[in-house]
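Given next are the chains, with one letter for each unit.
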Amino acid sequence: MQALDIDAAISGPLVSIGQYSLTLQKLFAAGIVLAIAIFVIWLIRTLTARGLDRVGAGRAATVYVAGQVARYVVVIAALAAAVSALGVDLSALSLFAGALGVGIGLGLQDVVKNFVYGLILLFDGSIEVGDFVELDDGTAGLVVAIGPRATTLRTNDAVDMLVPNANMLGDKLTNWTRNRVARRVHIPFSVAHGSDKEKVRAAALEAARAVPFTQPETPDTRTQVWLTGFGDSSLDFELVVWPSLDAVKRPGSMKAAYNWALDDALRKHGIEIPFPQQDVRVRSWFGHEGEAGVAAAAGRAFAEPDAEPPRRASTNDAADDATRSQPE
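Residues numbered from 1 in each chain as written. Predicted model: local features only at pLDDT ≥ 70, side-chain atom pairs only at ≥ 80, totals over all residues. Heavy atoms only, no water.

Caption draft 1: Quick look at the pattern of salt bridges. Under the defined criterion, the tally for this structure stands at three salt bridges. The salt bridge partner of Asp263 is Arg267, with a shortest N-O separation of 2.8 Å. Note that Asp263 and Arg267 are positioned in helix H9 (residues 251-268) at a spacing of four residues, about one turn of the helix. Residue Arg267 is classed as exposed on the basis of its relative accessible area, which comes to 61%. (Salt bridge = Lys/Arg side-chain N within 4 Å of Asp/Glu carboxyl O. Helix = DSSP H or I, 4+ residues; strand = E, 2+ residues; numbered from the N terminus. Buried < 20%, exposed > 50% of the residue type's maximum accessible area, 1.4 Å probe, protein only.)

Caption draft 2: Layout of helix H7 (residues 197-210). Between its first and last C-alpha atoms H7 spans 20 Å; for 14 residues at 1.5 Å apiece the expected length is 20 Å, and the two agree. Of all the residues in H7, the buried ones are Glu198, Val200, Arg201, Ala203, Ala204, Leu205, Ala207 and Ala208. (Expected span 1.5 Å × (residues − 1).)

Caption draft 3: Here's a closer look at the packing of H7 against H9. Interaxial distance between H7 and H9 falls to 8 Å at its minimum, and their mutual angle equals 135°. When the axes of H7 and H9 are compared, the pair comes out oblique. Considering only the axes of H7 and H9, their crossing is right-handed. Packed against H7, whose contacting residues are Ala203, Ala204, Glu206, Ala207 and Ala208, the element H9 presents Tyr258, Ala261, Leu262, Ala265, Leu266 and Lys268 at the interface. (Axes fitted to C-alpha atoms, helices over the stretch in contact; angles between N-to-C directions. Parallel < 35°, antiparallel > 145°, perpendicular 65-115°, else oblique. Left-handed = near helix turned anticlockwise from the far one by under 90°. Contact = heavy atoms within 4.5 Å.)

Caption draft 4: Inspection of the sheet that holds strand S5 (residues 150-154) at higher detail. In spatial order, the strands read S6-S5-S4-S3-S7; together these five strands make up an open sheet with antiparallel pairing. The sheet terminates laterally at strand S6 (160-164) and strand S7 (173-175), the two strands that pair on one side only. Each neighbouring strand pair of the sheet contributes to a mean axis angle of 40°, computed without reference to strand direction. Pairing geometry for strand S4 (residues 140-146) and S5, over four bridges, is antiparallel. For Val143, the partnering residue across the bridge sits in S5 and is Leu153. (Pairing = 2+ DSSP bridges.)

Caption draft 5: Representation of the sheet that holds strand S9 (residues 224-230). Read across the sheet, three strands follow the order S8-S10-S9 without closing on themselves; strand pairing throughout is antiparallel. The strands lining the two open edges of the sheet, one partner per strand, are strand S8 (185-191) and S9. The mean angle between the axes of side-by-side strands here comes to 30°, regardless of whether they run parallel or antiparallel. Bridge analysis of S9 against strand S10 (residues 235-241) gives six bridges, and the strand direction is antiparallel. Across the sheet, Leu227 pairs through a bridge with Phe237, a residue of S10. Seen against the sheet, H9 touches S8 and S10 and runs at an angle of roughly 35° to S8.

Caption draft 6: Main features of the pairing of S10. Burial analysis of S10 places six of its seven residues in the buried class, which makes it a mostly covered element. Across seven bridges, S8 lies against S10 in antiparallel orientation. By the bridge assignment for S10, Phe189 is matched with Phe237. Remark: four residues form the turn of the hairpin made by S9 and S10, two consecutive strands paired antiparallel.

Caption draft 7: Expanded view of the nonpolar core. Core analysis: the largest hydrophobic core is formed by 24 residues, its most contacted members being Phe189, Val191 and Leu239. Taken together, the elements giving at least two residues each to this core come down to S8, H7, S10 and H9. Discounting chain neighbours no more than four positions away, the residues touching Leu239 are Val185, His186, Ile187, Phe189, Ala204, Ala208, Thr223, Gln224, Val225, Tyr258 and Leu262. By size, the runner-up hydrophobic cluster in this structure holds eleven residues, among which are Val133, Val143, Ile146 and Val163. (Core = buried A, V, L, I, M, F, W, Y, C linked by side-chain atoms within 4.5 Å.)

Caption draft 8: Structural view of the side chain of Asn165. Locating Asn165 in the fold gives a position in helix H6 (residues 165-170). Owing to a relative accessible area of 0%, Asn165 belongs among the buried residues under this scheme. At a separation of 2.8 Å, a polar atom in the side chain of Asn165 contacts the side chain of Thr151. Residues within four places of Asn165 in sequence aside, it is in contact with Asn114, Tyr117, Gly118, Leu121, Ile146, Gly147, Pro148, Arg149, Ala150 and Thr151. (Polar contact = N/O pair within 3.5 Å; in protein donor to acceptor, adjacent residues only side chain to side chain.)

Caption draft 9: Structural context of the packing of aromatic side chains. Overall, the coordinates contain three aromatic pairs when judged by the stated rule. Both rings, one in Phe189 and one in Phe237, keep their centres 5.6 Å apart while their planes meet at 15°; by these two values the pair is stacked. Placement of Phe189 in strand S8 and of Phe237 in strand S10 is noted, with a sequence separation of 48 residues between them. Each member of the pair, Phe189 together with Phe237, is buried. For the pair Phe213 and Tyr258, a centre-to-centre distance of 5.5 Å together with 90° between the ring planes defines the contact as edge-to-face. With Phe213 in the loop between H7 and S9 and Tyr258 in helix H9, the pair connects residues that are 45 residues apart, well separated along the chain. By relative accessible area, which is 22% here, Phe213 ends up partly exposed. (Phe/Tyr/Trp six-rings, centres within 6.5 Å; stacked < 30°, edge-to-face > 60°.)

As structure tokens, this is what we get:
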């Protein structure tokens, strides 16, 4: 008698809507489906994390994409199975479901858009977990996860930033580590007017070699020094250098390291770093210019200086770079 009461309580309707009735048995079945799905999702996440630790950098993106897609499939299948276990006849609710779907679509269009963009990011391959990217607004960080709504970027200050997937695909973006190949960076610096260009070049190359993450030179990855402009009180140069891939992921500290080494090298070679200044130059004095004018003002004769020795040829790295062939 007691067993019949339990069976009746389990199979008896809790809520009835028209021909549909909700029972404890259906709730229990749906709960089991959801519990199994949660366990499978946890198992997939664990196996994916172990796989990422074991495989190399070249296959890590494939493992991550496979894990994410498997989780999405399990979630969708579990929801369908849970609804089926509850005994809901979706065909009977088609009109209501259509109206509800339109309302949800209008209210959650950004969520749906970001989910679709997330799938595109996973399969496109232009941005992968482990890449260091920089957005158009200056936001930069390591891609640590591509989720259904947002991509997680971890900055060099260990701050996780959530960027909507639509922004990752719709805005301009720089991927500094795509295909895991070396990148060339430009470190600007200035010296005082009149500085010897060859001495400046030697000091800058010495500074580049002093930084531990500068890559060894090859025909395609040469460290160079370019004269890029003439300032009001300076000669403007750029140290063009190829750092390691790990250093590229930390642009702030990388550039600071090169600036520190440049200051050490320029001081060592006695090269002056400029500061804003203005010089007053008298073109003509007592009918003479330059030293001849000073001598005339002092009432003494001016002796013409000996002819200057011929200047030695200087090395123009920028001209060499402009004519080099692109690496295949």
